[in-house]
Amino acid sequence: MILDVIVEDKKRRLAEHKQNISEREMMQKAQADTRIPRSFYEALAKPGLSIIGEFKKASPSLGVIDNPLPLKELIDHYNSSVDAISCLTEEDHFYGNADYLKEIRGLSMLPILRKDFVIDEYQIYEAKVIGADAVLLIAAILDDARLNAFYELTMSLGMEALVEVHDERELERAAALHARIIGVNNRNLQDFSISLETTARLSEKRPEGCLFVSESGVTEDQHIKFLKTYGVDALLIGRAFMESDNPEALAARWKARYLEV
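These notes cover the structure that comes with them. (Residues numbered from 1 in each chain as written. Predicted model: local features only at pLDDT ≥ 70, side-chain atom pairs only at ≥ 80, totals over all residues. Heavy atoms only, no water.)

### Some details on the overall build of the protein
The helix and strand inventory of the protein stands at twelve helices and ten strands. Taking 2.2 N^0.38 as the reference for a compact globule, 261 residues should give roughly 18 Å; the C-alpha atoms of the protein span a radius of gyration of 17 Å, in line with that estimate. Along the first, second and third principal axes, the C-alpha atoms of the protein reach 50 × 40 × 35 Å. Taken over 261 residues, the protein has a buried fraction of 55%. Taking contacts inside the protein between residues at least 6 apart in sequence as the whole, the part at least 24 apart equals 70%. (Helix = DSSP H or I, 4+ residues; strand = E, 2+ residues; numbered from the N terminus. Rg over C-alpha atoms; globule rule 2.2 N^0.38 Å. Buried < 20%, exposed > 50% of the residue type's maximum accessible area, 1.4 Å probe, protein only. Contact = heavy atoms within 4.5 Å.)

Encoded structure:
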């Protein structure tokens, strides 16, 4: 399965990173970092539709993305139109890296989510060091003990976690964490097929008090109308923005469509 391959490649990459900066040194860097992260939660918790604009170079399903805008221009669009930014830092399948997030941090005051396949505390410490305000925690690749520990560590460093789920069992686990931000990935991480019905189905069991984010698969106006029906608070949008020559206008249009429904 694709997810298993990504996780195995991540283990290999982590070993390489730890050769350059040890676990102890990365932890010390994070704990010594006096930067106060921006609130990812507050950025999304407001009336209307909130949007997380993503930066990614590629994906296993799309291959290399043909992005018409250079990074700085893309972030300029995001600064004017979205509420938070997601940056892929996974190297082998999404062609990301931590340097992209560091560059975006220098270009934007918006909260930034480190989107990666987090399987080690090292990545959470590193997220703080490179300027992230939030960390993606994927329930599908973490057992209960690690999910709890990683969530607590993220919060202890002043960051927030977007806990990603794909089915009812994972949603129950996120609810048990009292996760403040829950993301439903409409992309099946085993075969990378997409269905917005995943958000529709899980919305019936969303925990009270959490922000409910729908991730992946939003590419047209009718998707906005469909997802509002199921009470989503925010959308994480990657491909549509990355392939657009005017993400600012697209974000504005979709926010307007949300209010029309």
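### Regarding helix α4 (residues 71–81)
For α4, the full list of buried residues reads Leu71, Leu74, Ile75, His77, Tyr78 and Ser81. Take α4 and look down its axis: the buried residues cluster within an arc of 155°, on one side only. Residues of α4 that are buried sit in contact with β1 (50–55), β4 (84–88), α5 (98–105), β10 (234–237), α11 (239–242) and α12 (247–260). (Arc of directions from axis to C-beta.)

### Quick word on the pairing of strand β8 (residues 181–185)
With five of five residues buried, β8 lies mostly within the body of the structure. Burial along β8 is two-sided: Ile181, Gly183 and Asn185 facing one way and Ile182 and Val184 facing the other are all buried. Summarising the sheet, strand β7 (residues 160–165) and β8 pair through three bridges and their orientation is parallel. Across the sheet, residue valine 165 finds its bridge partner in β8, namely valine 184. Each parallel crossover has a hand, and for β7 linked through helix α8 (residues 168–176) to β8 it is right-handed. (Pairing = 2+ DSSP bridges. Right-handed = clockwise from strand over helix to strand, strands pointing away.)

### Overview of the pairing of β7
Most of β7 sits inside the fold, with six of its six residues counted as buried. Of the two faces of β7, the one carrying Glu160, Leu162 and Glu164 and the one carrying Ala161, Val163 and Val165 are both buried. Taken together, the five bridges between strand β6 (residues 134–138) and β7 define a ladder with parallel strand orientation. Its bridge partner being in β7, leucine 136 is matched across the sheet by leucine 162. Each parallel crossover has a hand, and the one from β6 via helix α7 (residues 144–156) to β7 is right-handed.

### Re the packing of aromatic side chains
For the structure on display, the rule yields five aromatic pairs. The structure contains a cluster of three or more aromatic residues connected by ring pairs, namely Tyr78, Phe241 and Trp254. The ring centre of tyrosine 41 lies 3.8 Å from the NZ or CZ of arginine 180, which sits over that ring. The positively charged end of lysine 228 is found above the aromatic ring belonging to tyrosine 258, 4.9 Å away from the centroid. (Phe/Tyr/Trp six-rings, centres within 6.5 Å; stacked < 30°, edge-to-face > 60°. Lys NZ or Arg CZ within 6 Å of the ring centre and 35° of its normal.)

### Some points on the pattern of salt bridges
Counting across every chain of the model gives 31 salt bridges. Here aspartate 143 ties to arginine 146 by a salt bridge, and the two come within 3.8 Å at their closest N and O atoms. Judged by its relative accessible area of 41%, aspartate 143 falls in the partly exposed class. Notably, a salt bridge pairs arginine 257 with aspartate 221, separated by 3.0 Å at the nearest N-O pair. With arginine 257 in helix α12 and aspartate 221 in helix α10 (residues 221–229), this pair connects stretches of sequence that are 36 residues apart. (Salt bridge = Lys/Arg side-chain N within 4 Å of Asp/Glu carboxyl O.)

### A few points about the environment of serine 61
Topologically, serine 61 is positioned in the loop between β2 (58–59) and β3 (63–64). Once residues lying within four places of it in the same chain are set aside, the contact partners of serine 61 are Arg187 and Phe192.

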